[in-house]
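# Structural overview for review
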Amino acid sequence: MRIVVLTGAGISAESGLATFRGEDGLWEGHHPADVATPEAFEANPTLVQRFYDERRAALTRVEPNAAHVALAQLESALGNDLYLVTQNIDDLHERGGSERVHHMHGRLRAAWCLACNERHVWEEALTDGPPCPSCHSSMLRPDIVWFGEVPYGMESIDQELADCDLFVSIGTSGVVYPAAAFVHYAIGNGKRTLELNLETSDTTSDFHESRRGPASELVPAWVEEVLSGRSG
Ligand code: OAD
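Everything in this summary refers to the structure shown in the same document. (Residues numbered from 1 in each chain as written. Predicted model: local features only at pLDDT ≥ 70, side-chain atom pairs only at ≥ 80, totals over all residues. Heavy atoms only, no water.)

### Focus: the site of the ligand
The environment of the ligand is formed by 23 residues, the closest being F20, R21, T172, S173 and N197. A9 has a polar backbone atom sitting 2.8 Å from an oxygen atom of the ligand. The contact in question runs from a nitrogen atom of the ligand to an N or O atom on the side chain of E14, over 3.0 Å. Its free accessible area being 790 Å², the ligand has 92% of it covered by the protein chains. Partitioning the shell around the ligand into residue classes produces 10 nonpolar, 10 polar and three charged. (Near = heavy atom within 4 Å. Polar contact = N/O pair within 3.5 Å; in protein donor to acceptor, adjacent residues only side chain to side chain. Areas by Shrake-Rupley, 256 points an atom, 1.4 Å probe, with all protein chains shown as cover. Nonpolar A, V, L, I, M, F, W, Y, C, P; charged D, E, K, R; others polar.)

The following block contains the structure:
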């Protein structure tokens, strides 16, 4: 059985990373247009860099939870029959043991040089304008897909959705496109669909099945079902 798993901020919530929407969400304190668009970066680079520097620094204070670890176990068992695509810019899937993670919205621990177009692994702050290791100009931005930009690797995601048997969406509100449309694409191609979420999402009613609860419980239980052959 080939499975495509899409994850959102909800899978990292129990690790201590704030989600975007809802009470105490990141977008409650910041309007996305102020920190997550190319226009915002042009108008106020310091504000934008500081916002993502804080998010990057927060990664050093959190650990993957049981949901990340369970998906890594699923990858070990299924190999290439699992395709994990995440909207998350944290690195908790990798630290939970997943080796192949498609970060469609980019990664906090990466910087992109607007002068030479090189991308670099990046752990430090960007607010002070450090030099690019390749061309030495101070034009690094977070390697994150902002609103109005095209998510990474859409062609391979479309292909995986067309080739899979099951599409599973975990901890995402179903508000941001194109990820919110994956369920429609999967259903249009005759795939089975399952949602795991703490609350009802904008796309809950579109899934064949939707389960309510924290990811740290729902994901290991579902992985166990798959591994024992009870799911699908
Ligand atoms: P949201 O903050 O929009 O939604 C988080 C989802 O996680 C909600 O549906 C919650 O019900 C669910 N949730 C919260 N805690 C959970 C838990 N413990 N277990 C399971 N589910 C839980 O985050 P995303 O859907 O990831 O994009 O947001 C999508 C995109 O919007 C982000 O990638 C980001 C943002 O703007 C960019 O910045 C480009």
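Next comes the rest of the description.
### Describing the packing of aromatic side chains
Under the defined criterion, the tally for this structure stands at five aromatic pairs. Ring centres of F167 and F182 lie 6.4 Å apart, and the angle between their planes is 75 degrees; this geometry places the pair in the edge-to-face category. One end of the pair, F167, is in strand 7 (residues 166–170); the other, F182, is in helix 9 (residues 182–188), and 15 residues separate them in sequence. Among the residues examined, F167 registers a relative accessible area of 1% and is labelled buried. According to the relative accessible area criterion, F182 is buried, its value standing at 3%. Feature note: the residues F41, F51, Y52 and W146 constitute an aromatic cluster, connected by ring pairs. Over the face of the ring belonging to F51 we find R55, whose NZ or CZ atom lies 4.8 Å from the ring centre. The cationic tip of R141 hangs over the ring face of W146; the distance from NZ or CZ to the ring centre is 3.8 Å. (Phe/Tyr/Trp six-rings, centres within 6.5 Å; stacked < 30°, edge-to-face > 60°. Helix = DSSP H or I, 4+ residues; strand = E, 2+ residues; numbered from the N terminus. Buried < 20%, exposed > 50% of the residue type's maximum accessible area, 1.4 Å probe, protein only. Lys NZ or Arg CZ within 6 Å of the ring centre and 35° of its normal.)

### Some words on the pattern of salt bridges
A side chain of one charge can pair with a side chain of the opposite charge when the charged atoms of the two come close. The full count for this structure, using the stated rule, is 12 salt bridges. A salt bridge links R141 to E149; the nearest nitrogen and oxygen atoms lie 2.9 Å apart. Its relative accessible area of 4% is what places R141 among the buried residues. Taking the relative accessible area as the measure of exposure, E149 reaches 25% and is therefore partly exposed. The shortest N-O distance in the salt bridge between E195 and R212 comes to 3.7 Å. Taken together, the positions of E195 in strand 8 (residues 192–197) and R212 in strand 9 (residues 209–212) put the pair 17 residues apart, joining distant regions of the chain. The structure contains a network of salt bridges with shared partners spanning E63, D91, R95, R109 and E123. (Salt bridge = Lys/Arg side-chain N within 4 Å of Asp/Glu carboxyl O.)

### Comments concerning the packing of helix 6 (residues 66–78) against helix 10 (residues 215–227)
Between helix 6 and helix 10, the least distance of the axes is 7 Å, while the angle of their chain directions is 20 degrees. The angle between the axes of helix 6 and helix 10 places the two elements in the roughly parallel class. Crossing angle aside, the handedness with which helix 6 passes helix 10 is left-handed. Judged by residue contacts, A66, A67, A70, L71, L74 and A77 of helix 6 engage A215, S216, V219, P220, W222, V223, V226 and L227 from helix 10. The residue inventory of the contact of helix 6 with helix 10, partitioned by class, reads 13 nonpolar, one polar and no charged. (Axes fitted to C-alpha atoms, helices over the stretch in contact; angles between N-to-C directions. Parallel < 35°, antiparallel > 145°, perpendicular 65-115°, else oblique. Left-handed = near helix turned anticlockwise from the far one by under 90°. Contact = heavy atoms within 4.5 Å.)

### Thoughts on the pairing of strand 1 (residues 3–7)
Where burial is concerned, most of strand 1 is hidden: five out of the five residues are buried. Neither face of strand 1 is exposed, since I3, V5 and T7 on one face and V4 and L6 on the opposite face are all buried. Note: strand 1 against strand 7, five bridges, orientation parallel. Within the sheet, the bridge partner assigned to V5 lies in strand 7 and is V168. (Pairing = 2+ DSSP bridges.)

### Structural notes on the sheet that holds strand 6 (residues 140–144)
The three strands are arranged 5-4-6 in an open sheet whose pairing can be described as antiparallel. In the strand order of this sheet, the two ends are held by strand 5 (119–121) and strand 6, each with one partner. Adjacent strand axes in the sheet meet at a mean angle of 45 degrees, parallel and antiparallel pairs treated alike. As paired elements, strand 4 (residues 106–113) and strand 6 share five bridges and run antiparallel to each other. Bridging across to strand 6, W112 finds its partner in R141. Helix-sheet contacts for helix 5 (residues 45–58) involve strand 4 and strand 6, and the interaxial angle to strand 6 is about 55 degrees.

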